[in-house]
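One letter stands for each residue in the lines below.
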Amino acid sequence: MSQYIERYQRRRLISSYFSVVLSIGLVLFLLGVLGLLVLNTKKLADHFKEQITISIFLKDNAKPVEIEQLQKSLALAEYTKSANYVSKEDAAEQYSEDIGENFVEFLGYNPLKNSVDVNLKAEFVSPGQISEIANEIESKTYVDEVSYDQPLISLLSDNVQRISLWILIASGAFTFISVLLINSSIRLSIYSKRFIIKTMQMVGATKKFIRRPFIWTNIQLGMLGALIALIALAVVVYYIDLNFPELNLFQDLITLIGLFVSVFVLGVLISWLSTHIATQRFLNLRTDDLYY
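About the thresholds
- Residues numbered from 1 in each chain as written.
- Predicted model: local features only at pLDDT ≥ 70, side-chain atom pairs only at ≥ 80, totals over all residues.
- Heavy atoms only, no water.
- Helix = DSSP H or I, 4+ residues; strand = E, 2+ residues; numbered from the N terminus.
- Buried < 20%, exposed > 50% of the residue type's maximum accessible area, 1.4 Å probe, protein only.
- Contact = heavy atoms within 4.5 Å.
- Phe/Tyr/Trp six-rings, centres within 6.5 Å; stacked < 30°, edge-to-face > 60°.
- Core = buried A, V, L, I, M, F, W, Y, C linked by side-chain atoms within 4.5 Å.
- Pairing = 2+ DSSP bridges.
- Axes fitted to C-alpha atoms, helices over the stretch in contact; angles between N-to-C directions.

Caption draft 1: Main features of the overall build of the protein chain. Scanning the protein chain for helices and strands turns up 10 helices and four strands. Counting only residues that meet the buried cut, the protein chain has 36% of its 292 residues in that class. Across the protein chain, every contact between residues at least 6 apart in sequence was considered, and the portion connecting residues at least 24 apart equals 81%.

Caption draft 2: Geometry of the packing of aromatic side chains. Considering all chains together, one arrives at one aromatic pair under this definition. Note on Tyr79 and Phe124: the rings are 6.4 Å apart at their centroids and 70° apart in plane angle, and the pair reads as edge-to-face. Of this pair, Tyr79 sits in the loop between α3 (64-76) and β2 (80-86) while Phe124 sits in the loop between β3 (115-120) and α6 (127-138), placing them 45 residues apart in sequence. Both residues of the pair, Tyr79 and Phe124, belong to the buried class.

Caption draft 3: Quick look at the nonpolar core. Counting 27 residues, the largest nonpolar core has Ile24, Leu28, Ile182, Ile186, Ile190, Ile197 and Ile210 as the members making the most contacts within it. Listing elements by their share of this core, those giving two or more residues are α1 (2-39), α7 (150-191), α9 (207-243) and α10 (253-284). At eight residues, α9 tops the list of elements feeding residues into this core. Sequence-distant contacts of Ile182, that is, excluding residues within four places in its chain, are made with Ile24, Val27, Leu28 and Ile270. Counting 26 residues, the second largest nonpolar core, distinct from the first, contains Leu70, Leu74, Val116 and Ile137.

Caption draft 4: Local environment of the sheet that holds β3. With antiparallel pairing, four strands are arranged side by side in an open sheet as β2-β3-β1-β4. Whereas interior strands pair on both sides, the edge strands pair on one side only; in this sheet they are β2 and β4 (143-147). Going from strand to strand, the sheet's axes swing by 20° on average, the running direction of each strand aside. Sheet topology note: the strand β1 (residues 53-58)/β3 ladder contains five bridges and is antiparallel. Across the sheet, Phe57 pairs through a bridge with Ser115, a residue of β3. Sheet strands touched by α6: β1, β3 and β4. Its angle to β4, the strand with the most contacts, is close to 170°.

Printed below as a string of structure tokens:
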């Protein structure tokens, strides 16, 4: 009978430890993913901004030397990320592929124009700056028209600011919730040992002596949960870098390492603090209050 009780208690203890580790691991993993998003918010915003294309359409009488001069000036401009010349023949071929029909044969001529597609650097993608750049380019005599999606640029600029603000608010809120969840899991595991704590106190053990094994045990559980979270986070980082190499997540390795260290330290710190508060609470309770 005693062996059965001992096995039952051991299973309960393992189950309690498992639930604590799992809850810490899941919460820290979600916190790490959110931290990854916060650290890369600007990089993500810059990536989308740099997909905006300005199309510079050239007049039919534009000379080759003028086109070459325009390409060189754009390549040297501080606002240019990339500039690609697209001939009217290439544009017609691409458009025919898109619509699934050779419209040149149907019309009998090619109505498209030679153009230069320019992608700007992210810091220059704003309605005011793009308007200035477009006016400067359009003033050239051999340029027929400068085209870009103005409503999309305005919408993108507004949404980037709004999303950045909400991500910061969500980060703060989720950090607070994470602390509460981990604290709740550890407090429940210590609650089941409240009578042991009070018995040790009644036989003369000091509060520091009673707290020490609980704190060390839960720090170890916190470290284990943090390691599980970091392994899962590393898989997510690898998957993102594999599918979105343009984000260059491993380029800023120090920041990435800092995130991983922060998640680990946070797991240990929350475990220590939660255990200290929970044990202190039961140490200060009267014996009659332990039943409630």
